[in-house]
Structure formats: C-alpha cells, structure tokens
Amino acid sequence: MGAGRFAPSPSGRLHIGNLRTAVLAWLFARSTGRDFLLRVEDLDRVRAGSEAEQLAELDALGLSFDGTLVRQSDRLPVYRTIVDELKAQGLVYECFCSRKDIAEAGSAPHAAPGSYPGTCRNLTAGERAEKALHRPAALRLRAEVNEFSVQDELAGRYTGAVDDFVLVRNDGAPAYNLAVVVDDAASGIDQVVRGDDLLSSAPRQAHLAQLLGYTIPTYAHVPLALNEKGQRLAKRDGAVTLEEITEQGVRPAEVRAFLLESLGLPGQDLQAALEAFDPAALPREPWIVKPENIVQQLMPPASRNR
C-alpha cells in the first residue's frame, strides 16, 4: 500500500479550514492502510518560523505522521534533472510572456478560459534570442493533449483542460505543478487529499505524471471552509487559527472535536472518527464558518459569560 500526505506551505499559521483538510487527509490515509506523510512546500511565500508553528499545530490535534519530513527547498536538483529529461524529449520550450500578455492574448480556440494560448510555442531561435534580451524565460511543458481525466473520490470522473503550463518560473524556481508531481512520485504517494479549489489542476498534474512514467494517484478533493460571503478563509476573517482559538482557553482536543463533528464524525478522539469514517458520507458542500461563533461556541462557560 502507498501513502497519503498533507503538504502545507509555511506562509503563516494554519487556519481552521487547513486543519480540517489535514484531519481529512489523515482519515483517508489511515482508513485505507496507507502511510501518512508530511511535506513542506516551501518554494514560495515562506514566513520565518511558520514551519515549526504548523508542525506544533498538527501535533496538538494528535495527527501522527510516518517517515521523514520532506522540504521542497531541499529538492531543487531533482526538479532540474526532471526538466532536463523532458527537454531531451522535446517537451519543454521557453516562454517570454507576462501575465498581462497572456490575459490580453485570450485563449486558443476550444481552450478553457485562462489557458495559455501557445504564444511562444513555435518561436524560431532568432525570435527567442530577441525576446531574451528583454525578459528572462519561463519554461513550459509542450502538452500533448488538450484535456485529461482523473478519478476523484468525491467528484467522480473529472475531465479538465491541459495547456502548456509552466514548469519553471522565469526566476528559476520550480513551479507548483512540476514539484508536486515529482515529490508525490518520489515519496510513493498514491492518494492525494486536498481542497477542491485544486481539482482543476489535477488533470495537468496527472498528464505530467503520465509523461514521466509515474503512477497517477487517486484523488479526493474535499470541500473548503468558506466565510459567510463564500470566500476562502484568510487572516481577514479574524480568529480562525488554532492559536487564536486556544488563546481564549479552548483546548486543542475541543477544536479537533469541532472539526470532526463538522464532518459528521464522532468528536471524542481520532480513533473513534476513524472507525466511523466513510468517504461516501462526507459533506459535499463548503463548510461555512463564522470565526467569532467558533470561539464563542468553544470557550469554557465561565469565560463565555464574562
């Protein structure tokens, strides 16, 4: 049996929605006899101290991990090797487009909105040299399909657009779609549980995995936690982190119980939730969160009445 994983970016403390997804990833992995691995996706948006904070938060909820912690920043030579392999197959090309260029160019016929229109796909050597004088190049995959299908535990069969997506940004940093595919394969991860805002990226990643000869993982894209306006939770939403809740006198076990009960699972402990876990019974709608209500609901009675 393979492994599942949780892969946060160390850009700040984990909010209540992140923690709920972590709990779900743990339940999916443990319920199928898989290992559960932790990867720190620190190629971008790193805040000093966040990694240690996030590890402490996950530990406080009782989430256990197997194996060794992986940091993407330690794996830069691996990504370069993979890109070189794709180059040797003629599957990589230089792109000099800015985001503005892409937005103004529009999409190619029959492509999904926002897809890369292929502006730099067939430049001559001379044209590339001229453009390189003005802007460093990103590296894009020369995709061999326009769409690709994946199987998702919650969404079923999902078919999405595949364009010539970025593998290496123009600052030399590996792009998310490259790193996540390479890292999952290297760690034996064959089950990917994450927020459903990433469902549309799964066909691109699965196509790349196939090109590289990797086994395509099974997916479970779970509903996000949203605020009352239907927006993803963020710091602007107030007291939504474990630290901010526990500062009010709430114990981590009570927060964990709250998360489990939001999934329709018994909240006494993770083992009881694991025994009751059934992916088919999970909520399919977004979890609407009122941060101030969380604190009020979980605060000890004596504190609540002050």
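It should be noted that the structure appears before, not after, this text.
Predicted model, so just to flag it, every value in this text is computed and none were measured.

Draft legend 1. Representation of the sheet that holds strand β1 (residues 3-6) within the structure. As summarised here, the arrangement of the three strands in space is β1-β2-β3, forming an open sheet in which the pairing is parallel. For this open sheet the edge positions go to β1 and β3 (70-71), each flanked by a neighbour on one side alone. Alignment of β1 against strand β2 (residues 35-40), held across four bridges, turns out to be parallel. If you follow Phe 6 over to β2, its bridge partner there is Leu 38.

Draft legend 2. Broad picture of the pairing of strand β6 (residues 147-152). What you see with β6 is a clean split: Phe 148, Val 150 and Asp 152 sit on the buried side and Glu 147, Ser 149 and Gln 151 on the side with no burial. Two strands pair when backbone bridges link them, and β6 and strand β7 (residues 156-161) are joined in this way by six bridges, in the antiparallel orientation. Looking across to β7, one finds that Ser 149 is bridged to Thr 159.

Draft legend 3. Region of the structure containing the sheet that holds strand β8 (residues 166-168). Ordered in space as β4-β5-β8, the three strands form an open sheet in which the pairing is antiparallel. Of all the strands in the sheet, just β4 (92-95) and β8 have a single pairing partner and so form its edges. Strand-to-strand twist of the sheet, defined as the mean angle between neighbouring strand axes without regard to direction, takes the value 45 degrees. Pairing geometry for β4 and strand β5 (residues 138-141), over four bridges, is antiparallel. Along β5, the bridge assignment pairs Tyr 93 with Arg 140.

Draft legend 4. Quick look at the side chain of Asp 184. Tracing the sequence through the fold places Asp 184 in helix α6 (residues 176-186). Discounting residues that sit within four places of it in the chain, Asp 184 has contacts with Arg 5, Arg 39, Ile 189 and Val 192.

Draft legend 5. Region of interest: the packing of helix α1 (residues 16-31) against helix α9 (residues 252-262). The geometry of α1 relative to α9 is characterised by a closest axis approach of 10 Å and an angle of 70 degrees between their N-to-C directions. Put simply, α1 runs roughly perpendicular to α9. Touching Ile 16, Leu 19, Arg 20, Val 23 and Leu 27 of α1 are Val 255, Leu 259, Leu 260 and Ser 262, all from α9. Taken together, the residues of the contact of α1 with α9 break down into seven nonpolar, one polar and one charged.

Draft legend 6. Molecular detail of the side chain of Glu 244. Mapped onto the secondary structure, Glu 244 falls in helix α8 (residues 242-246). A distance of 3.1 Å separates a polar side-chain atom of Glu 244 from the backbone nitrogen of Val 240. Here Thr 241 takes part through its side chain, which lies 3.0 Å from a polar atom of the side chain of Glu 244.

Draft legend 7. Up close: the packing of α6 against helix α7 (residues 202-211). Put simply, α6 and α7 touch, their axes get as near as 9 Å, and they point 55 degrees apart. It follows that α6 is oblique to α7 by the angle criterion. Between α6 and α7 lies a crossing whose hand is right-handed. Contacts from Tyr 176, Asn 177, Leu 178, Val 180 and Val 181 in α6 reach Arg 204, Gln 205, Leu 208 and Ala 209 in α7. Along the lines of polarity and charge, the residues of the contact of α6 with α7 split into six nonpolar, two polar and one charged.

Conventions used here
For every chain, the first residue of the written sequence is number 1, and numbering continues from 1 onward in sequence order. Under the rules for a predicted model, residues below a pLDDT of 70 receive no local features and side-chain atom pairs below 80 are neither given nor counted, while totals for whole chains, interfaces and linings still include all residues. In computing side-chain values, all of the structure's heavy atoms are included and hydrogens and water are not. Between any two strands, pairing holds if DSSP finds at least two bridges. Note on conventions: DSSP H or I runs of at least 4 residues are helices, E runs of at least 2 residues are strands, and numbering of each starts at the N terminus. Working definition: with a 1.4 Å probe on protein chains only, accessible area under 20% of the residue-type maximum means buried, over 50% means exposed, and in between means partly exposed. The axes are straight lines fitted to the C-alpha atoms, using for helices just the contacting stretch, and the angles between their N-to-C directions are given from 0 to 180°. By the convention used here, residues are in contact when the closest approach between their heavy atoms is within 4.5 Å. Convention used here: angles under 35 degrees read as roughly parallel, angles over 145 as roughly antiparallel, angles from 65 to 115 as roughly perpendicular, and any remaining angle as oblique. Side-chain classes follow a simple rule in which Ala, Val, Leu, Ile, Met, Phe, Trp, Tyr, Cys and Pro form the nonpolar group, Asp, Glu, Lys and Arg form the charged group, and the remainder, Gly included, forms the polar group. N or O atoms within 3.5 Å of each other form a polar contact, as long as, within protein, one can give a hydrogen and the other can take it, and as long as residues adjacent in sequence are counted only when both atoms are side-chain atoms. In this scheme the crossing of two helices becomes right-handed for a clockwise turn of the near helix relative to the far one and left-handed for an anticlockwise turn of less than a right angle.

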